[in-house]
Amino acid sequence: MIDLTTTLNKLHFKTPLMNAAGVHCATTTELDDLLDSQAGGLVTKSATLQPRTGNPDPRYANLPFGSINSMGLPNQGLDYYLNYANATALTHPDFPILLSLAGQSLAENLQMLERIQASAFSGLTELNLSCPNVPGKPQIGYDFDQMKTILTAVFQTFNQPLGIKLPPYFDLAQFDLVADILNQFPLAFINTINSVGNGLFINLETETTVIKPKGGFGGIGGSYVKPVALANVRAFRQRLNPAIQIIGTGGVVSGGDLFELILCGADVVQIGTTLAQEGTPAFGRILTELERIMAQKGYATLADFRGNLKTL
Ligand code: DOR
């Protein structure tokens, strides 16, 4: 009998797989689909204080090995997701809920955190420091001083479990610097990686970009980014305080991909592009594939192989 359960900051997940913020989680209908799926938890679309319409269409495209998006944070506003989370906690008390926030200023983030803290919310909060798609707004996760300033202010205000969504890093010196900052704060978790920002995909026949915003530049997800996701989970697991847990996100298409992210140290794993392409049946498919791999290898629990990557 294979046990797929995991925990994130004391919340119990019946399976280690959930949606990535932004995918299939913008409306109550989509969120209800997640509740009815094999997902072990859910995260709501990154919210701003006020609703946003986001960038002009077309703003998402499927690619041969993944996706490109420049959604620009279209969302219904914090209250919509907070109300959903608090109502769902009553009907589904055992289903872990994460609220994702993407305020466009420190003040906006602090205001949203105060509102969450003043409510009955008992889930986890994820602060998105890595959206690549708002014109004129650099990714905070690449500005280490700003990241430290934000975390300092946030932890002065907020005393509930909080994690952050990070952009991918590509240099070992960056992992050292970022981990050094993050280890100074009582973070519940990090989520790594967001999409690989500002890629470009071209339609060879028409010689055009495939999405409209920002001249075609957009966040890349799917199989293209799996090696980057594995590296980020592994590098942070090697550097962060053990108390900071890791959500691994990026390029999970199969049970093997899910296994590899856990092998690098992920406590929970999220799917974005695959969920966008296949819908919620993707959870059951990938989890069945994981169970088969675990059975073949003789593993009964995720803890049997989590973080146990071997090197040559
Ligand atoms: O790829 C992404 N797209 N990452 C984010 O953090 C936000 C999202 C969007 O709305 O553009």
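Residues numbered from 1 in each chain as written. Predicted model: local features only at pLDDT ≥ 70, side-chain atom pairs only at ≥ 80, totals over all residues. Heavy atoms only, no water.

Caption draft 1: Main features of the UniProt feature "domain: Dihydroorotate dehydrogenase catalytic" (unreviewed entry) in the chain. Taken from the UniProt record, the annotation "domain: Dihydroorotate dehydrogenase catalytic" (unreviewed entry) applies to residues 4-294. Split by type, residues 4-294 is 35% helix and 21% strand. Its first and last C-alpha atoms lie 10 Å apart. (UniProt positions renumbered as here; feature names shortened; annotations may be inferred. Helix = DSSP H or I, 4+ residues; strand = E, 2+ residues; numbered from the N terminus.)

Caption draft 2: Main features of the UniProt feature "active site" (unreviewed entry) in the chain. Within the UniProt annotation, "active site" (unreviewed entry) is assigned to Cys 131. Its place among the elements puts Cys 131 in the loop between strand E8 (124-128) and helix H4 (144-157). Residues within four places of Cys 131 in sequence aside, it is in contact with Leu 73, Gln 139 and Asn 194. (Contact = heavy atoms within 4.5 Å.)

Caption draft 3: Region of interest: the side chain of Ser 46. The residue Ser 46 is located in the loop between strand E4 (42-43) and strand E5 (60-63) in this model. The exposure class of Ser 46 is buried, given its relative accessible area of 4%. Looking at Ser 46, its side chain comes within polar contact range of the side chain of Ser 100, at 2.6 Å. Residue contacts for Ser 46: discarding those within four places in its chain leaves Ala 21, Leu 73, Asn 75, Ser 100, Leu 101, Ala 102 and Asn 128. (Buried < 20%, exposed > 50% of the residue type's maximum accessible area, 1.4 Å probe, protein only. Polar contact = N/O pair within 3.5 Å; in protein donor to acceptor, adjacent residues only side chain to side chain.)

Caption draft 4: Main features of the packing of helix H6 (residues 226-239) against helix H7 (residues 255-263). Running from amino to carboxyl end, H6 crosses H7 at an angle of 25°, the nearest separation of the two axes being 8 Å. Here H6 lies roughly parallel to H7, going by the angle between them. Residues Lys 226, Ala 229, Leu 230 and Val 233 of H6 lie in contact with H7, whose contacting residues are Asp 257, Glu 260 and Leu 261. A per-class count over the contact of H6 with H7 returns 4 nonpolar, no polar and 3 charged. (Axes fitted to C-alpha atoms, helices over the stretch in contact; angles between N-to-C directions. Parallel < 35°, antiparallel > 145°, perpendicular 65-115°, else oblique. Nonpolar A, V, L, I, M, F, W, Y, C, P; charged D, E, K, R; others polar.)

Caption draft 5: Highlighting helix H2 (residues 78-91). In this model H2 runs 20 Å from its N-terminal to its C-terminal C-alpha over 14 residues, within 8% of the 20 Å that 1.5 Å per residue would give. Among all positions of H2, only Leu 78, Tyr 81, Leu 82, Tyr 84, Ala 85, Asn 86 and Thr 88 are buried. Those residues of H2 that are buried are in contact with helix H1 (28-35), strand E7 (97-101) and helix H3 (106-118). (Expected span 1.5 Å × (residues − 1).)

Caption draft 6: Seen up close, the environment of Ala 231. Relative to the helices and strands, Ala 231 resides in helix H6. Judged by relative accessible area, Ala 231 falls into the partly exposed class, the value being 37%. The sequence separation of Ala 231 and Phe 185 amounts to 46 residues, and the corresponding C-alpha distance is 23 Å.

Caption draft 7: Geometry of the sheet that holds strand E9 (residues 162-166). Pairing is parallel across the open sheet formed by 8 strands, whose spatial order is E3-E16-E15-E10-E9-E8-E7-E4. Since the sheet does not close on itself, it has two edges, and those belong to strand E3 (17-19) and E4, each with one partner. Of the strand pairs in this sheet, E7 and E8 are connected by 4 bridges, and their pairing is parallel. Directly across from Leu 98, in E8, lies its bridge partner Leu 124. (Pairing = 2+ DSSP bridges.)

Caption draft 8: Examining the site of the ligand more closely. All residues in the neighbourhood of the ligand are listed as Lys 45, Asn 69, Met 71, Gly 72, Leu 73, Pro 74, Asn 128, Cys 131, Pro 132, Asn 133, Asn 194 and Ser 195. Here a nitrogen atom of the ligand sits 2.8 Å away from a polar atom, N or O, in the side chain of Asn 194. Taking 290 Å² as the accessible area of the ligand by itself, protein coverage stands at 92%. Taken together, the residues that form the shell around the ligand break down as 5 nonpolar, 6 polar and 1 charged. (Near = heavy atom within 4 Å. Areas by Shrake-Rupley, 256 points an atom, 1.4 Å probe, with all protein chains shown as cover.)

Caption draft 9: Spatial organisation of unusual backbone geometry. Here Asp 57 and Pro 58 are connected by a cis peptide whose omega angle stands at -5°. Its location among the elements puts Pro 58 in the loop between E4 and E5. Phi angles above zero are rare outside glycine, and His 24 is one such case at about 55°. Inspection of the secondary structure puts His 24 in the loop between E3 and H1. The backbone phi angle of Lys 214 is positive, close to 50°, even though this residue is not glycine. Structurally, the position occupied by Lys 214 is in the loop between strand E13 (208-209) and strand E14 (217-221).

Caption draft 10: Inspection of the pattern of salt bridges at higher detail. Applying the stated criterion across every chain yields a total of 8 salt bridges. The closest approach of N and O atoms between Asp 79 and Arg 115, which form a salt bridge, is 2.9 Å. Note that Asp 79 is positioned in helix H2 and Arg 115 in helix H3, a separation of 36 residues in sequence. Linking Glu 260 and Lys 226 is a salt bridge whose minimum nitrogen-to-oxygen distance equals 2.9 Å. Residue Glu 260 is located in helix H7, and its partner Lys 226 is located in helix H6; the two are separated by 34 residues in the primary sequence. (Salt bridge = Lys/Arg side-chain N within 4 Å of Asp/Glu carboxyl O.)

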